[in-house]
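Chain and residue survey
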Amino acid sequence: MKAIVKKQPGKGFVLDEVEIPEIKEPNEVKVKVLNASICGTDLHIWKWDDWSQERIKTPQIDGHEFVGEVVEVGPMVKGLKPGDIVASETHIPCGVCKQCKTGKMHVCKNMKILGVDRDGVFAEYVAVPEIVLWKIDPSIPKEFASVMEPLGNAIHTATAADLRGKTVLITGAGPIGAIAVQVAKISGAATIIVSEVSEYRIKMAKEMGADYIINPVEKNLVEEVMNITNGDGADVLLEMSGNTTALNQGIEALTNGGEAAILGVFPTNPVPFEMNTAVFKNITIHCITGRKMFETWQIASEWLRTKKIDLSKLITHILPMEEFEKGFELMNAKKSGKIVLKISE
Ligand code: NAD
Ligand code: ZN
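Attention in this report is confined to the structure presented alongside it. Because the structure is a prediction, the values reported are computed rather than measured.

Some thoughts on the overall build of the protein
Across its full length, the protein carries twelve helices and 18 strands. Whereas a compact globule of 345 residues would reach a radius of gyration of roughly 20 Å, the protein reaches 20 Å, a difference of no more than 12%. A total of 345 residues make up the protein; the buried ones form 55% of that total. For the protein, long-range pairs separated by at least 24 residues make up 70% of all intrachain contacts whose partners lie at least 6 apart in sequence. With an accessible surface of roughly 15,200 Å², the protein has 51% of that area assigned to carbon and sulfur atoms. With 39 positive and 45 negative side-chain charges, the protein shows a separation of 3 Å between the mean positions of the two kinds.

Written out as structure tokens, the structure is:
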């Protein structure tokens, strides 16, 4: 089968011919991949940055966001059959640790990540445990289904606080921040302010329905937020840039007693953070990782099925698998929203 593979350490991937994976465990499901979308994590691996050099073992098939059709099931699989259309959670939980047993599977202590710790989905077939697969209603467009993971990130972050009637500031309108605009809107936010530095993504945030978009390079973000809110500040910050300046500006732009939900991953650890500002304002901080398994998947499915969420403006490119390189270049230049690769018909 065809697969996009990191053959050896270094930048880029190659389109290679590899063995079709077989079902190895009784709980596994073999899926024919239809569409797969490119995520920021894939871009890190494509660039071969410090994190990837430490984490990725080559050769390995990349990719983790996908929609596919079940072609074969192991003998212990109970809920799926050939022909079912599925998307997949990337985080493969162990099912037995304290977190898994207490409803926190998304922070499983023994988590394995698809396309990071094991072969991924930029391939014609993949075999994964049944537990991570999520059945897709046939009415949901396949392109949208392959983007349910970042949609789930946005939902997980935006549902950490009650947004009803609130002024919400979203820092960073990459694919996840852009989806968060729609998520915040249907969650009842009264006013949505986005801060973003890339012109392409400013346009995308506008199309997604943000009420105000501020480029913090051109204008003082905190002053602008204060003007919009009559000097009060935003009620909730959704940090989706992974940029330290944006994080600190976001905290400064919050009203006293506000809330911050932080999804962004920052380039340095520890992160320089204006903690005293947050303390004196009595800010509640929610740190977000992954998606709730499977509450956010349930919400994402129903919002897509009932067309409350429309991802057509978010998916800016649909490319044949062979043109993956073009997809990565566009992502790298921040000249895209979500890029979907067509793997099979
Ligand atoms: P992305 O990098 O495509 O988007 C980030 C956006 O922030 C970009 O459009 C960029 O132009 C913008 N930005 C950069 N500096 C800014 C600044 N000073 N002010 C305002 N905007 C600024 O990333 P994404 O795929 O949309 O993901 C968003 C963030 O969430 C990233 O940091 C990513 O690493 C992180 N993430 C976290 C998890 C998790 O489980 N916690 C999962 C997925 C992604
Ligand atoms: Zn576990």
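Picking up where we left off.
Comments concerning the site of ligand 1
Lining the immediate surroundings of ligand 1 are 23 residues, of which Glu 196, Arg 201, Leu 263, Ile 288 and Gly 290 lie closest. The contact in question runs from a nitrogen atom of ligand 1 to an N or O atom on the side chain of Asn 243, over 3.2 Å. Between ligand 1 and Gly 290, the relevant distance is 2.8 Å, taken from an oxygen atom to a main-chain nitrogen or oxygen of the residue. The protein chains hide 81% of the 860 Å² of surface that ligand 1 would expose on its own. Split into classes, the residues belonging to the shell around ligand 1 amount to ten nonpolar, ten polar and three charged.

Structural notes on the environment of Ile 213
Looking at where Ile 213 falls in the secondary structure, it is placed in strand S13 (residues 212-214). By relative accessible area, Ile 213 is classed as partly exposed at 23%. Considered as a pair, Ile 213 and Ile 192 are 21 residues apart in the sequence and their alpha carbons are 8.6 Å apart.

Let's talk about the coordination of the zinc ion (ligand 2)
Donor atoms from the polypeptide that coordinate the zinc ion (ligand 2) comprise Cys 94 (SG), Cys 97 (SG), Cys 100 (SG) and Cys 108 (SG), at 2.3 to 2.4 Å from the metal. Its four donor atoms give the zinc ion (ligand 2) angles of 101 to 118 degrees at the centre, a pattern that matches the tetrahedral case. For the zinc ion (ligand 2), all donor residues lie on one chain, and their spacing in sequence is C-x2-C-x2-C-x7-C. Linking Cys 94 in the loop between strand S7 (91-92) and helix H3 (98-101) with Cys 108 in the loop between H3 and strand S8 (112-113), this pair joins segments that are 14 residues apart in sequence. Exposure remark for Cys 94: the relative accessible area of 29% places this residue in the partly exposed category. Its relative accessible area of 6% is what places Cys 108 among the buried residues.

Comments concerning the environment of Gly 174
Mapped onto the elements of the fold, Gly 174 is located in the loop between strand S11 (167-171) and helix H6 (175-186). Looking at Gly 174, the relative accessible area reads 13%, which means it is buried. Expressed as a C-alpha distance, the spacing of Gly 174 and Lys 334, which sit 160 residues apart in the sequence, is 8.0 Å. The residues contacting Gly 174, other than those within four sequence positions of it, are Glu 196, Arg 201 and Met 204.

Regarding the nonpolar core
Formed by 91 residues in total, the largest nonpolar core has its most connected members in Phe 66, Met 148, Leu 151, Ile 170, Val 183, Leu 238 and Leu 311. Element by element, the count of residues in this core is highest for H6, at six residues. Residues contacting Ile 170, with those up to four places away along its chain left out, are Gly 177, Ala 180, Val 181, Ile 192, Ile 193, Val 194, Ser 195, Leu 238 and Met 240. In terms of nonpolar packing, the next biggest core, distinct from the first, is built from 17 residues, Ile 214, Val 225, Ala 234 and Leu 237 among them.

Brief notes about the sheet that holds strand S12 (residues 191-195)
Here six strands make up an open sheet; going across it, the order is S13-S12-S11-S14-S15-S16 and the pairing parallel. Since the sheet does not close on itself, it has two edges, and those belong to S13 and strand S16 (284-287), each with one partner. Along the sheet, successive strands turn relative to each other by an average axial angle of 20 degrees, direction set aside. Pairing of strand S15 (residues 254-262) with S16 involves four bridges; the strand directions are parallel. From the neighbouring strand, Glu 259 faces S16, where its bridge partner is Thr 284.

Side note on the sheet that holds strand S4 (residues 60-61)
With respect to topology, three strands assemble into an open sheet ordered S2-S1-S4, the strand pairing being antiparallel. At either margin of the open sheet sits one strand with a lone partner, and together these are strand S2 (14-17) and S4. Bridging between strand S1 (residues 2-6) and S4 involves two bridges; their strand directions are antiparallel. Following the sheet pairing, Lys 6 is matched in S4 by Gln 60.

Criteria and cut-off values
- Within any chain, residue numbers begin from 1 and follow the written order of that chain's sequence.
- Whichever chain is written first is A, and whichever ligand is written first is 1; the rest continue in order.
- Thresholds applied to this predicted model are a pLDDT of at least 70 for local features of residues and 80 or more for the giving and counting of side-chain atom pairs; totals over whole chains, interfaces and linings are not thresholded and use all residues.
- Side-chain numbers here rest on the full set of heavy atoms in the structure, without hydrogens or water.
- Secondary structure elements follow DSSP: runs of H or I no shorter than four residues count as helices, runs of E no shorter than two count as strands, and numbering proceeds from the N terminus.
- Computation of the radius of gyration draws on C-alpha atoms, with the globule rule given as 2.2 Å multiplied by the number of residues to the power 0.38.
- Residue exposure (1.4 Å probe, protein chains only): buried if accessible area is under 20% of the type maximum, exposed if over 50%, otherwise partly exposed.
- Only heavy atoms enter the contact rule, under which two residues are in contact if any of them lie within 4.5 Å.
- Residue-level accessible areas treat just the shown protein chains as cover; the underlying method is Shrake-Rupley with a 1.4 Å probe.
- Positive charges are assigned to Lys and Arg, negative charges to Asp and Glu, while His and the chain termini are left out of the count.
- Charge positions come from single atoms, namely NZ of Lys, CZ of Arg, CG of Asp or CD of Glu.
- The near set for a molecule or strand comprises every residue that places at least one heavy atom within 4 Å of it.
- Pairs of N or O atoms are called polar contacts if they sit within 3.5 Å, as long as, within protein, a hydrogen donor faces a hydrogen acceptor (for residues adjacent in sequence, only side-chain-to-side-chain pairs).
- For this classification, Asp, Glu, Lys and Arg are treated as charged, while Ala, Val, Leu, Ile, Met, Phe, Trp, Tyr, Cys and Pro are nonpolar and the rest, including Gly, are polar.
- Water is absent from the atoms considered, so a metal site may look incomplete; donors are defined as N, O and S atoms within 2.8 Å of the metal, or 3.2 Å for Na, K and Ca.
- Square planar and octahedral assignments, for four and six donors respectively, both demand that opposite donors be over 155 degrees apart and that all other angles lie between 65 and 115; tetrahedral needs four donors with all angles between 85 and 135 degrees, and anything else is irregular.
- Throughout this description, the term nonpolar core refers to a set of buried Ala, Val, Leu, Ile, Met, Phe, Trp, Tyr and Cys residues connected via side-chain atoms within 4.5 Å.
- We treat two strands as partners when DSSP finds at least two bridges between them.
- Angles run from 0 to 180 degrees between N-to-C directions of axes, and those axes are lines fitted to C-alpha atoms, restricted for helices to the stretch in contact.

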